[in-house]
Structure formats: structure tokens, C-alpha cells
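# Close look at the chain arrangement
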Amino acid sequence: MELTSSPSRRAPQVQSALKAFLCGSLSGTCSTLLFQPLDLIKTRLQTLQGTVHSARVGMVSVFLTVVRTEKLVGLWKGMSPSFARTIPGLGLYFSTYYSLKQHFFQGRGLGPLEAVALGAGARSVAGVLMLPVTVIKTRFESGRYNYSSVVGALRSMCQTEGPRALFSGLVPTLLRDAPFSGIYVMFYTQTKACLPTGTSNTTKLGSSSYGPPAHFLCGIGAGVLASLITQPADVVKTNVQVGSGLSTAAAVRQVYSGVRGFFRGAVPRCLRRTMMAAMAWTVYETMMTRVGLKS
């Protein structure tokens, strides 16, 4: 009896996971470039807590302030850490998602609870591994730090705050990312399963001309719901990572100004996460079909 997989069997699995990583990374490149301004505006709104007249500052006000003081290019501030986080991060997420699905579910359709567990598990792996870059990205976008580069930010944080600072906000990050991805994957896969597969039983949705638009619409619906549910955790996470040495409990107290405080930046985040996730999954599904893999 063969107790372990032979190298000849493992090789195709590794190649498939690598293809999923590359497809996910490509989807991250496209979505990050397009939606970075929304992420920056969201971060600025969430870090206004406790400032004078902060309750009256909205998405449009922040947009105009950034353009006036930092020019139009200022809306893309933090692109280097965003790319450093999102491109490998989405690659890790989709390759982990694909590998776990193939290992535990043999590529079959997922039930609601299975989709939640698979999405949350894949996101947790990627979230923990990419957390140091996430902290740096958040600080770049806040406008409170004058880091010159990702490497310079890493060096500065390690020297002034210690390596532990690179993992600040771990708990709220996981409380945000794992539920978001779990809820997103559940609604995305269940909605997609309800769509027609084509004019014949052999026609796959992903290979038809209706595939990308259908995937995108499924992603938007899933993204709106997942974004709203996880918004409070995102606000707390942002404040922990921007405030040097701020604990999660202290961030909760700092943010709290009624329930409304936990939903600051909800509009740009909802727009950005929804559109970014929908685009990422659309590109991922399309590319996986092109390389001959079942996503």
C-alpha cells in the first residue's frame, strides 16, 4: 500500500497551485491599480477619529483635500506597498484556496458552510503572511509617516518600535479578513451555482461569453454584504496600525463615538472592496479557464 503521494503525482499539484498563484497575482495587479484612491480615502477617513469636526468630513471632502494638497497623483500614494501586499497576497490567497479546495473537496461544488470555511482559511493564511506589508501600506496611506520606500519603512519600524510592530493589528485583521472572505466566497459560489451553465449540459459558464460579466455581478453582490459586516473590524485595524503602540482595546475606545464611529469610511471601502474583489475573482476565473484549470 502506498502511504504517501509519489513525486510524479505531487508535481502536477504543485504546477496547478503555481498557476493559481500567477492568476491571482495578475488579478491583484489590475484591481490595485484601479482602486487604490478609494483605499487611500478610506484610510484617511478612518484615522480622523477624535479630530476637530471629524464627524463632518466626508468622502468628497477628503478627495478634494488630497487633490489640493498632494495633487492628483496623491490619490495613488502608497502604491508600492499596495502592490507589495496585494499582488503576492492575492496570489497566496487564490493558490491556497485552490489547493485546499482540490485537497478537501476534489473540485466539487461547495456547500454554504464549506465555502465559509474555505474562504476564511485561505484568507487567514494570506493575511498573516502579508501583515507586515499591510501595516506599512496603511501607514503610507494615512499621510502621517514620511517613509521613502517599503524597505525604508521596514527598517524604520524595526529600529524605533521593534519587529513586533510589523504584526500590529493582527487580531482585528483576522476578524476582518477571515469573515469577509468566508462570507464573500459563500455568497459568490452559491449565487454562481444558481446561474445557467449555457445552452447545453457541456457548456461551462466560465468558457462562455457571459462568464466574466456573470462572475463580476456575483462578486458585487457578495462584496457589498461582506464589506458592511466586517466594516467595524476594518476601522479598528486601521487605527491600531497607524497609532504606534496602540492596543486593540484602546483603538476600540478611540473609535467609539456611537455605532457611527465604526462605520467611518464605509462608502469608499465598500466601493473599493466590492469592485476589487469582483474584478479579482473575474480575472482569476477567466485566467484559470484559459490555463485549463477548474477554479
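Right above here is the structure, for reference.
Described in the following lines is the structure provided in the data block. Predicted model only: the values in this text are computed from it and were never measured. Along each chain, residues carry numbers from 1 onward, in the same order as the chain's sequence is written. Local features are withheld for residues below a pLDDT of 70 in this predicted model, meaning they are given only at 70 or higher, and side-chain atom pairs are given and counted only at 80 or more; totals for whole chains, interfaces and linings count all residues. To get the side-chain values, all heavy atoms of the structure are used, and hydrogens and water are removed first.

Turning to the side chain of Arg269, a few remarks are in order. Helix and strand definitions here come from DSSP, where helices need a minimum of 4 consecutive H or I residues and strands a minimum of 2 consecutive E residues; each element is numbered from the N-terminal end. Examined against the element boundaries, Arg269 turns out to sit in helix H10 (residues 266–290). For the exposure calls, accessible area comes from a 1.4 Å probe over protein chains only, and a residue counts as buried if that area is under 20% of its type's maximum, exposed if over 50%, partly exposed in between. Note on Arg269: relative accessible area 2%, which makes it buried. The term polar contact refers here to a pair of N or O atoms within 3.5 Å; inside protein, the definition further demands a hydrogen-donor-capable atom paired with an acceptor-capable atom, and it admits residues adjacent in sequence only when both atoms are side-chain atoms. Here Ser227 takes part through its backbone oxygen, which lies 2.8 Å from a polar atom of the side chain of Arg269.

Side-chain rings of Phe, Tyr and Trp, where Trp is taken by its six-membered ring, are said to pair if the distance between their centres is within 6.5 Å; with planes under 30 degrees apart they count as stacked, over 60 as edge-to-face, and otherwise as tilted. Counted under the stated rule, the structure contains 14 aromatic pairs. Ring centres of Phe94 and Trp281 lie 4.9 Å apart, and the angle between their planes is 80°; on these two criteria the pair is classed as edge-to-face. In this pair, Phe94 sits in helix H3 (residues 79–105) while Trp281 sits in helix H10, placing the two residues 187 residues apart along the sequence. You'll find Phe94 and Trp281 in the same group, each marked buried.

Here we take up the environment of His103. Turning to its location among the elements, His103 is positioned in helix H3. In this structure His103 comes out as exposed when scored by relative accessible area, which is 56%. A C-alpha to C-alpha distance of 9.6 Å links His103 and Gln13, two positions 90 residues apart in sequence.

Further remarks concern the nonpolar core. Of all hydrophobic cores here, the largest spans 29 residues; its most connected members are Tyr93, Phe94, Tyr97, Tyr184, Trp281, Tyr284 and Met288. Among the secondary structure elements, those contributing two or more residues to this core are helix H1 (7–46), H3, helix H4 (112–129), helix H7 (170–193), helix H8 (211–242) and H10. By convention a nonpolar core is built from buried Ala, Val, Leu, Ile, Met, Phe, Trp, Tyr and Cys residues, the set being connected through side-chain atoms within 4.5 Å. Core analysis: the second largest hydrophobic core is formed by twelve residues, Phe140, Met157, Ala165 and Val242 among them.

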